[in-house]
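Secondary and tertiary structure notes
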Amino acid sequence: MDTQLGKWEVFMQAKPGANYIHAGAIHASDKKMALQNARDTYTRRGEGTSIWVVPTDAIVASNPDDNDMFFDPSNDKTYRLPTFYVMPEGAKAI
Amino acid sequence: MTEQQALYKYCLRLGDNALVQSYRLSEWCSNAPTLEEDLALVNFALDMTGRAQALLTYAGEVDGNGKTDDDLAYRRGEREFCNHLINEQPNGDFAHTIARLLFVATYEYLFYSELMRSADERLASIAAKVVKESRYHMTHANDWAIRLGNGTDESQRRMQAAIDALWMFTGEMFETDAVDALLRDKNIAVDLGKIKPVWMERITEMVKMSGLSMPEGAYMQSGGLKGIHTEYLGHMLTEMQYLQRAYPDAAW
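A brief look at the structure comes next. Since we're looking at a predicted model, the values are computed, not measured. (Residues numbered from 1 in each chain as written. Chains lettered and ligands numbered in written order. Predicted model: local features only at pLDDT ≥ 70, side-chain atom pairs only at ≥ 80, totals over all residues. Heavy atoms only, no water.)

The interface is formed by 11 residues belonging to chain B together with 12 residues belonging to chain A. Looking at the side of chain B facing chain A, the largest losses of area belong to E36, Y136 and R147 of chain B, adding up to 48% of the total buried there. At the boundary of chain B and chain A, one finds two salt bridges. A salt bridge links K32 of chain A to D143 of chain B, with the nearest nitrogen and oxygen atoms 2.9 Å apart. Seen at the junction of chain B and chain A, the total is eight residue pairs in polar contact (both at pLDDT 80 or more). Mapped onto the side of chain B that touches chain A, the elements with two or more residues apiece are α2 (35-63) and α6 (121-149) of chain B. Of the residues forming the side of chain B that touches chain A, the biggest block, six residues, is contributed by α6 of chain B. (Contact = heavy atoms within 4.5 Å. Buried area = accessible area lost by both parts, 1.4 Å probe. Salt bridge = Lys/Arg side-chain N within 4 Å of Asp/Glu carboxyl O. Polar contact = N/O pair within 3.5 Å; in protein donor to acceptor, adjacent residues only side chain to side chain. Helix = DSSP H or I, 4+ residues; strand = E, 2+ residues; numbered from the N terminus.)

As a further point, take the state of the cysteines. All names here are of chain B. Tallied over the full model, the rule gives zero disulfides over all chains. For the unlinked cysteine C82, the closest cysteine sulfur is that of C11, found at 10 Å. The class of C82 is buried, set by a relative accessible area of 1%. (Disulfide = S-S within 2.5 Å. Buried < 20%, exposed > 50% of the residue type's maximum accessible area, 1.4 Å probe, protein only.)

Right, let's talk about the packing of aromatic side chains for a bit. Residue and element names in this part refer to chain B. Evaluated as defined, the whole model comprises 12 aromatic pairs over all chains. For the pair W28 and F94, a centre-to-centre distance of 6.0 Å together with 90° between the ring planes defines the contact as edge-to-face. In this pair, W28 is assigned in the loop between α1 (3-26) and α2 and F94 in helix α5 (residues 94-115), connecting sequence segments 66 residues apart. Here the two residues W28 and F94 agree in accessibility, since each one is buried. Ring pairing ties together the aromatic residues F103, Y107, F111, Y112, W167, F174 and W199, which thus form one cluster. Sitting above the plane of the W144 ring, R147 keeps its charged end 4.8 Å from the centroid. (Phe/Tyr/Trp six-rings, centres within 6.5 Å; stacked < 30°, edge-to-face > 60°. Lys NZ or Arg CZ within 6 Å of the ring centre and 35° of its normal.)

It is worth spelling out helix α7 (residues 153-166) of chain B at this point. All names here are of chain B. For α7, which comprises 14 residues, the first-to-last C-alpha distance of 20 Å matches the rise-based estimate of 20 Å (1.5 Å per residue) to within 8%. Looking only at α7, the buried set comprises S155, M159, Q160, A162, I163 and L166. Buried residues of α7, viewed axially, fall in a sector of 155°; they line one side. (Expected span 1.5 Å × (residues − 1). Arc of directions from axis to C-beta.)

Residue and element names in this part refer to chain A. The three strands lie next to each other as β2-β1-β3, forming an open sheet whose pairing is antiparallel. Only two strands of the sheet have a single neighbouring strand rather than two, namely β2 (20-28) and β3 (50-55). Shown here is a sheet whose adjacent strand axes are inclined to one another by a mean of 30°, direction ignored. Where strand β1 (residues 6-13) lies against β2, eight bridges are found, and the strand directions are antiparallel. Paired with K7 across the two strands is H27, which belongs to β2. Most of the contacts of helix α1 (residues 31-42) go to β2, to which it runs at about 115°, and overall it touches β1, β2 and β3. (Pairing = 2+ DSSP bridges. Axes fitted to C-alpha atoms, helices over the stretch in contact; angles between N-to-C directions.)

Everything listed is a geometric property; what it means functionally is a separate question.
This is the structure:
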């Protein structure tokens, strides 16, 4: 029998304005516990200033079998990539 | 007693409470019900270690005899420790640890909120840091008490047994003596009479939210302030101080 509590995915923001980045997963029985467990597990060494927790079953993942259809078409079209632009000075978050 | 002696004693008490709690909480390492809770309790232990370090370092400075935080932590005997008895009680089951955390963290949150206004700037600045930690510890304990108290018959029975068992150690947290009186006059120490009714009100509310009943026992155990401890502190110190006792000045 699986006696684990529900699984939640943890996303951390390193500083205000930055993207939330997946940090890992924890188990918890409710939202409040999920937030506390995420805090206790992933912010012990000053890693972040904000946390999102999302029930794992709320996440819809792409199927690896679809990778050809999903991702290949963009691989050989360099004109899709913004590499021909000169980065404006001072743009840090890009 | 001079103000200096009183302040030394006062810092020792606060430092000892933090140190002893830190040790008990760290005993959960690898033994907590879940990995996440293991990390949480040990995080709290580390908060307490930092607190003990700050307070015992200051105690040594006030004393002025060149004692370091390590000297005070590892080279004092049981009778020289002046922590509250509740903090040295064994962890028991998870409910006991949560009950102790609930009682103590709520107390500490109120205590250090007041100590932030101490006329002693060093204590006030330590308190400003501690109060944030205590608020989190209190929230964590309260949430668990609610879950366990309103959980299964078994978890409710255990949570109730835990608060009943530890209740007789809560009165001591509000005891005062000449040290408090002297430092109160100088606006350095916290007025425990002021925080007692607030503590009682909050605990009553949390116990009610947890679907439990307030313990009825009126007898309160005390002795910690005078260095008279329960049988458990000596065993703890034997283990905690072993290295410095066996190999004095060992360092790495």
